[in-house]
Amino acid sequence: MKIVTRVEEKILASCEPGELVRFGVGDQSRLAIILTTVDFGERLILLLQAEDPEMDFHLWQTDPHFKCVSYGLTWAVELIDDENSWPGNDLDEDKLGTIHQISNDSAAITIKGIKPAVLLALDLQKIAAANGQRRDGILFRKWRIWNTAEDASKPKARPIFSYGLDEKGPAA
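Q: It is not clear to me how the overall build of the protein chain should be interpreted in this structure. Could you clarify?
A: A tally of regular secondary structure across the protein chain gives zero helices and 14 strands. When the elements of the protein chain are put in sequence order from the N terminus, they spell out β-β-β-β-β-β-β-β-β-β-β-β-β-β. In terms of C-alpha radius of gyration, the protein chain reaches 16 Å, essentially the compact-globule figure of 16 Å for 172 residues. With respect to the three principal axes, the spread of C-alpha positions in the protein chain is 50 × 45 × 25 Å. Across the 172 residues of the protein chain, 44% fall into the buried class. Residue pairs in contact within the protein chain that sit at least 24 positions apart in sequence constitute 52% of those at least 6 positions apart. Summed over its atoms, the accessible surface of the protein chain is roughly 9,700 Å², and 52% of this surface lies on carbon and sulfur atoms.

Below you can see the structure in the form of structure tokens.
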């Protein structure tokens, strides 16, 4: 028998900035992007999906010893345009989860910080603050996360996560 999987079991402390991970707290699953290590070795993460929808798209500090499933660093975001996707559109620009494409290879997502709990923009390519550039980018209110960019074009592939679309949450 051969087991084939695209994920790896890890401990949060061993994950690199930019890794997409899923871990559990109690009986609830959380999907997050690893950002950096902070005080006392805790990991600063961006929660994309939490047990409480009010926590989606928030920065969070968490225990570095949690076990997780890592999707690695090769995950991809597919931006899906609609009638409101054009450069400089400020409609919903402060809505958590909204993405602005800054350049052909860079995008910023609107998130909520910890202290103070203010709106921030995170450059998904650099995993760093997007310093105001997002307001000039193309607005996207719908997007999907895929394990790899190639998966987005496979007819029967399922995304890891969807935002703003009828298909909610993680692939079953």
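Q: Please explain the side chain of His-58 as it appears in this structure.
A: Positionally, His-58 belongs in strand β5 (residues 58–62). Here the side chain of His-58 touches Glu-54 through a polar contact of 3.5 Å, landing on its backbone oxygen. Of the polar contacts made by the side chain of His-58, one reaches the backbone oxygen of Asp-56; its length is 3.0 Å. When sequence neighbours within four positions are dropped, the list of residues in contact with His-58 reads Ile-45, Leu-46, Leu-47, Leu-96 and Lys-112.

Q: What should I look at first to understand the environment of Asp-166 in this one?
A: As for its position among the elements, Asp-166 is in the segment after β14 (161–163). The class for Asp-166 is exposed, based on a relative accessible area of 78%. Note: C-alpha distance between Asp-166 and Lys-142 (24 residues apart in sequence) is 9.9 Å.

Definitions and cut-offs
- Residues numbered from 1 in each chain as written.
- Predicted model: local features only at pLDDT ≥ 70, side-chain atom pairs only at ≥ 80, totals over all residues.
- Heavy atoms only, no water.
- Helix = DSSP H or I, 4+ residues; strand = E, 2+ residues; numbered from the N terminus.
- Rg over C-alpha atoms; globule rule 2.2 N^0.38 Å.
- Buried < 20%, exposed > 50% of the residue type's maximum accessible area, 1.4 Å probe, protein only.
- Contact = heavy atoms within 4.5 Å.
- Areas by Shrake-Rupley, 256 points an atom, 1.4 Å probe, with all protein chains shown as cover.
- Polar contact = N/O pair within 3.5 Å; in protein donor to acceptor, adjacent residues only side chain to side chain.

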